[in-house]
Amino acid sequence: MVVVLGMAILGAILGAMTARKRKGSGADIAQYAAGYGIAFALLGLVLSLLLVRFVV
């Protein structure tokens, strides 16, 4: 759970920074943050499942 939440926050930050770097509007920044946040959360979920499967 912590891995998924952490990855979602990291993704949202990276998405917002990417949109800001490309000189996007506020809506662009929000959309990039949401998109990256969802993608990173899914990646964190897979990573969390793999960790539980192989470590525990």
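Since the model is a prediction, treat every value here as computed from it, not as a measurement.

Once that is clear, we can look at the overall build of the chain. Summing up its helical and strand segments, the chain has 2 helices and 0 strands in all. A globule of 56 residues ought to have a C-alpha radius of gyration of about 10 Å, yet the chain, at 13 Å, is considerably larger. Principal axes of the C-alpha set define a box for the chain whose edges measure 45 × 15 × 15 Å. Per-residue burial over the chain gives 23% buried out of 56 residues. In the chain, the share of contacts with a sequence separation of at least 24, taken over all contacts with a separation of at least 6, comes to 59%. Looking at the chain as shown, the accessible area adds up to about 4300 Å², and 76% of this sits on carbon and sulfur atoms.

So, on to the environment of Gly26. By the element assignment, Gly26 lies in helix α2 (residues 26-55). With 10 residues separating them along the chain, Gly26 and Ala16 place their C-alpha atoms 9.4 Å apart.

All right, on to unusual backbone geometry then. Even without glycine at this site, Lys23 takes up a positive phi of about 60°. For Lys23, the position within the fold is in the loop between α1 (2-21) and α2.

Cut-offs used in this document
- Residues numbered from 1 in each chain as written.
- Predicted model: local features only at pLDDT ≥ 70, side-chain atom pairs only at ≥ 80, totals over all residues.
- Heavy atoms only, no water.
- Helix = DSSP H or I, 4+ residues; strand = E, 2+ residues; numbered from the N terminus.
- Rg over C-alpha atoms; globule rule 2.2 N^0.38 Å.
- Buried < 20%, exposed > 50% of the residue type's maximum accessible area, 1.4 Å probe, protein only.
- Contact = heavy atoms within 4.5 Å.
- Areas by Shrake-Rupley, 256 points an atom, 1.4 Å probe, with all protein chains shown as cover.

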